[in-house]
Amino acid sequence: MTITLKSGSTVMFTGDSITDWFRVESPDGLGSGYPTRVAGEWGFRHPDRPLKWLNTGWRGDKVQDLEARWQADVLDAKPDVLSILVGMNDVAWHTFDPVNGRPFSPEEYRAGYRRLLEPLAGTELILIEPFLLPIRGVIEHEDLRFDEEIRKLWRADLDPAIEVVHDLAREYGAQLLEADRMFADLSTKADPEHWADDAVHPTPAGHAALTEAWLRLVG
């Protein structure tokens, strides 16, 4: 069953940089990634059902960061539909900050994610898998540098994180967007770098893929 979006409903996206995607710099606050693409495509397909679109994603966020702002960023807005994509920073960040970063704990990730979902009774939910594309070689992103060995460590932690998202989607009756599986399939049709040139942050084509997958979950 898909989620029925009713005219006038509030739809919110939240998560990390993949959702944020320069939203603060954009005039409508939606950024230039998949949230604004979803809003635009919905408006094109359904001009008779206008919606209120919000984006509270923030670059670098982990579950605990979302939790710290959850009341102000999410609960106070009372969204009818909430879409969440978070997890890659939980998995990856300790490899760049071995002093202050903590190794990934699926149990802590599950507990924190559940605390986000608990107060959302009555809100339709879309949970998006965190994802990592199978690119090769050394990648530099901003002031960070990571190679295939680091990405292997990420993958070892990411798979349990994805399992947590699946479990919570079942537990809370949420729609599940299997983004990691989707990008793995797409990477057999075009180089992974076509979809995310650093394995994590989508290209325009990657954001388009997320948009199409998201829109299949609503009607």
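As a reminder, the structure under discussion sits directly above these lines.
Everything quoted here is computed from the prediction, not taken from an experiment. (Residues numbered from 1 in each chain as written. Predicted model: local features only at pLDDT ≥ 70, side-chain atom pairs only at ≥ 80, totals over all residues. Heavy atoms only, no water.)

## Points about the packing of helix H7 (residues 179-186) against helix H8 (residues 204-215)
So, step 1. Contact geometry of H7 with H8 gives a least axis separation of 11 Å together with a crossing angle of 125 degrees. With respect to H8, the element H7 is oriented oblique. Where H7 crosses over H8, the two elements pack in a sense that is right-handed. Facing Ala179, Met182, Phe183 and Leu186 of H7, the residues of H8 in contact are Gly206, Ala209, Leu210 and Ala213.
So, step 2. By residue class, the composition of the contact of H7 with H8 is 7 nonpolar, 1 polar and no charged. (Axes fitted to C-alpha atoms, helices over the stretch in contact; angles between N-to-C directions. Helix = DSSP H or I, 4+ residues; strand = E, 2+ residues; numbered from the N terminus. Parallel < 35°, antiparallel > 145°, perpendicular 65-115°, else oblique. Left-handed = near helix turned anticlockwise from the far one by under 90°. Contact = heavy atoms within 4.5 Å. Nonpolar A, V, L, I, M, F, W, Y, C, P; charged D, E, K, R; others polar.)

## Structural notes on the pattern of salt bridges
So, step 1. Throughout the structure, instances matching the rule amount to 15 salt bridges.
So, step 2. Between Arg110 and Asp167 there is a salt bridge, with the nearest N and O atoms lying 3.1 Å from each other. Placement of the pair is Arg110 in helix H5 (residues 106-117) and Asp167 in helix H6 (residues 148-172), with a sequence separation of 57 residues.
So, step 3. Here Asp167 falls in the partly exposed class, since its relative accessible area comes to 21%.
So, step 4. When the shortest N-O distance is used, the salt bridge between Arg155 and Asp180 registers 3.0 Å. Taken together, the residues span a long stretch of sequence, with Arg155 in helix H6 and Asp180 in helix H7 at a distance of 25 residues.
So, step 5. The structure contains a network of salt bridges with shared partners spanning Asp20, Glu25 and Arg59. (Salt bridge = Lys/Arg side-chain N within 4 Å of Asp/Glu carboxyl O. Buried < 20%, exposed > 50% of the residue type's maximum accessible area, 1.4 Å probe, protein only.)

## Thoughts on the nonpolar core
So, step 1. Counting 67 residues, the largest nonpolar core has Trp53, Tyr113, Leu127, Trp154, Phe183, Leu210 and Trp214 as the members making the most contacts within it.
So, step 2. Take this core: its biggest share by element is 9 residues, from H6.
So, step 3. Among all residues touching Phe183, those that are not within four sequence positions of it are Phe131, Leu133, Trp195, Gly206, Ala209 and Leu210. (Core = buried A, V, L, I, M, F, W, Y, C linked by side-chain atoms within 4.5 Å.)

## So, the packing of aromatic side chains
Here a ring pair, both rings aromatic, is described through the centre-centre distance and the interplanar angle of the planes.
So, step 1. The tally for this structure, following the rule as stated, stands at 8 aromatic pairs.
So, step 2. Ring centres of Tyr109 and Tyr113 lie 5.6 Å apart, and the angle between their planes is 85 degrees; this geometry places the pair in the edge-to-face category. With Tyr109 and Tyr113 both in helix H5, this residue pair falls 4 residues apart, about one helical turn. The pair Tyr109 / Tyr113 is uniform in exposure class, with both members buried.
So, step 3. An aromatic cluster of at least three residues, connected via ring pairs, comprises Phe13, Tyr34, Trp53 and Trp214. (Phe/Tyr/Trp six-rings, centres within 6.5 Å; stacked < 30°, edge-to-face > 60°.)

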